[in-house]
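Analysis of the macromolecular model
Take a look at the letters that make up each chain.
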Amino acid sequence: MKPEILLVDPMMPAIEQALDATYTVHRLSAAPDRDRLIAEVAPRVRAVVTGGGTGVKAAVVDALPNLGIVAINGVGTDAVDLEHARGRGVRVTNTPGVLTDDVADLAMGLVIAASRRMAAGDRFVRAGQWPKGKLPLARKVTGKRMGILGLGRIGEAIAKRAEAFGMSIAYTNRNPRSDVAYRFIASPEDLARESDILVVAASAGPASRNMVGRALLDALGPDGILVNVARGSVVDEPELLAALTEGRLGGAGLDVFADEPNVPEGFFALDNVVLQPHQASATVETRTAMGQLVLDNLEAFFAGRPLPTAVV
């Protein structure tokens, strides 16, 4: 008999076909009554496959007595209680590395779009306003000072792209890195004060929750640009909205939000913010590669081999 798994979020069609070929897949997103489905299949489910933003609640983990692995289709692990999983003897994997380039690409796209007011310009042309006037001047990108909150794989990839724009780069991290030439600034607020553009690439968790608050936004200032491709929880969203509305912050490019897919409507009327629906890794190539890593981790788990990208 095929091992039974619980699929929380839909995946690429080819990946789902591969899952169906090897496992009995229970699709939570398609269930009319999710709690009922979980109760019906709980004793037989050996694996949960879920997205990085969705994760799996500890109560669901506890409801699956024979659960052995949570395979996250994403790099973030903040939506899974890792200590709880460890205590239950449940392995956790993610998909690092394969999405780094796409996230870094989108981060730079948001830097350019927010600085050059590209979304506002698009709306201006579509609304037939060009014959009637001109947009306000935008901000130059080349040669700016970029600060990066979190210099992991993604943060470093963003820095390398920023170098091509002639930017000076500084960063803050849990610890300074000896293998990079970028300037380390220990205080996030000091980093913001010395940046024209601040990119959030920090891991989410209790230590980074609301790290980007009023003091940091004010340090970035009325000409500064904030870009967030990490997690919405790292930014104090009401404070960000207030800073943008009041002109205390120059602009923002946001791919992530605190309560996805619900975005505060106050952002919608602002011309100094570019909004994306959490699309950083959303390319055919990367989602396929991420899905393959999920398949590889599941195969290794059921074969009793070391997991390729184990977190727990």
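Below you will find a few notes about this structure.

Turning to the sheet that holds strand β12 (residues 273-275), a few remarks are in order. Read from one edge of the open sheet, seven strands run β8-β7-β6-β9-β10-β11-β12, paired in parallel fashion. The open sheet has two free edges, formed respectively by β8 (183-184) and β12, since each of these has just one partner strand. In the sheet, strand β9 (residues 197-200) pairs with strand β10 (residues 225-228) via four bridges, with the strands oriented parallel. Residue pairing across strands places V199 opposite V227, the latter belonging to β10. The strands touched by helix α5 (residues 100-115) within the sheet are β6 (145-149), β9, β10, β11 (251-254) and β12, with β10 carrying the most contacts at an inclination of about 150°.

On to the sheet that holds strand β2 (residues 24-27). Reading across from one edge, β2-β1-β3-β4-β5 is the order of the five strands in this open sheet, with parallel pairing throughout. Where the open sheet ends on each side, the last strands, each with one partner, are β2 and β5 (91-93). Pairwise comparison of adjacent strand axes, ignoring direction, gives a mean angle of 20° for this sheet. Taken together, the four bridges between strand β1 (residues 4-7) and strand β3 (residues 45-51) define a ladder with parallel strand orientation. Within β3, the residue paired with E4 across the bridge is V45. Contacting β1 and β2, helix α1 (residues 13-22) runs over the sheet at an angle of about 130° to β2. This element, helix α11 (residues 284-303), spans β3, β4 (69-73) and β5 of the sheet and lies at about 170° to β4.

Quick look at the packing of α5 against helix α7 (residues 153-163) now. Contact pair α5 / α7: the axes reach a minimum separation of 9 Å and the direction vectors enclose 50°. Judged by the inter-axis angle, α5 sits oblique to α7. Between α5 and α7 lies a crossing whose hand is right-handed. Note on element contacts: α7 touches α5 through R153, I154, A157, I158, R161 and A162, opposite T100, D101, V103, A104, D105, A107 and M108. Of the residues assigned to the contact of α5 with α7, the class counts are eight nonpolar, one polar and four charged.

This part takes up the pattern of salt bridges. Taken as a whole and judged by the stated rule, the model has 23 salt bridges. A salt bridge links E4 to R44; the shortest N-O distance between them is 2.9 Å. In this pair, E4 is assigned in strand β1 and R44 in the loop between α2 (34-41) and β3, connecting sequence segments 40 residues apart. Assessed through its relative accessible area of 10%, E4 is described here as buried. Note that E194 and R183 form a salt bridge whose closest N and O atoms lie 2.6 Å from each other. Here E194 is found in the loop between α8 (188-193) and β9, whereas its partner R183 is found in strand β8, with 11 residues between them in sequence. Given the relative accessible area of 35%, E194 is considered partly exposed. A residue is classified by how much of its surface remains accessible, and R183, at 44% relative accessible area, is partly exposed.

So, on to the packing of α1 against α11. Packed helices, taken two at a time, are described by the angle between their axes plus the distance between the axes. Remark: α1 packs on α11, axes separated minimally by 9 Å, with the N-to-C direction vectors making an angle of 15°. Our classification of the angle between α1 and α11 gives roughly parallel. Remark: the crossing between α1 and α11 carries right-handed chirality. Here I15, A18 and L19 of α1 come into contact with α11, specifically with T288, G291, Q292, L295 and L298. Classifying every residue of the contact of α1 with α11 gives five nonpolar, three polar and no charged.

Taken as a whole, α2 has its buried residues at L37, I38 and V41. One face of α2 carries all of its buried residues, which in axial projection span an arc of 100°. In α2, the exposed positions that point more than 90 degrees away from the buried face belong to D35, R36 and A39. Packed against the buried residues of α2 are β1, β2, β3 and α3 (58-63). Between the side-chain oxygen of the N-cap and the backbone nitrogen of D35 there are 3.3 Å, and the N-cap of α2 in question is D33.

Conventions adopted
- Residues numbered from 1 in each chain as written.
- Predicted model: local features only at pLDDT ≥ 70, side-chain atom pairs only at ≥ 80, totals over all residues.
- Heavy atoms only, no water.
- Pairing = 2+ DSSP bridges.
- Helix = DSSP H or I, 4+ residues; strand = E, 2+ residues; numbered from the N terminus.
- Contact = heavy atoms within 4.5 Å.
- Axes fitted to C-alpha atoms, helices over the stretch in contact; angles between N-to-C directions.
- Parallel < 35°, antiparallel > 145°, perpendicular 65-115°, else oblique.
- Left-handed = near helix turned anticlockwise from the far one by under 90°.
- Nonpolar A, V, L, I, M, F, W, Y, C, P; charged D, E, K, R; others polar.
- Salt bridge = Lys/Arg side-chain N within 4 Å of Asp/Glu carboxyl O.
- Buried < 20%, exposed > 50% of the residue type's maximum accessible area, 1.4 Å probe, protein only.
- Arc of directions from axis to C-beta.
- Polar contact = N/O pair within 3.5 Å; in protein donor to acceptor, adjacent residues only side chain to side chain.

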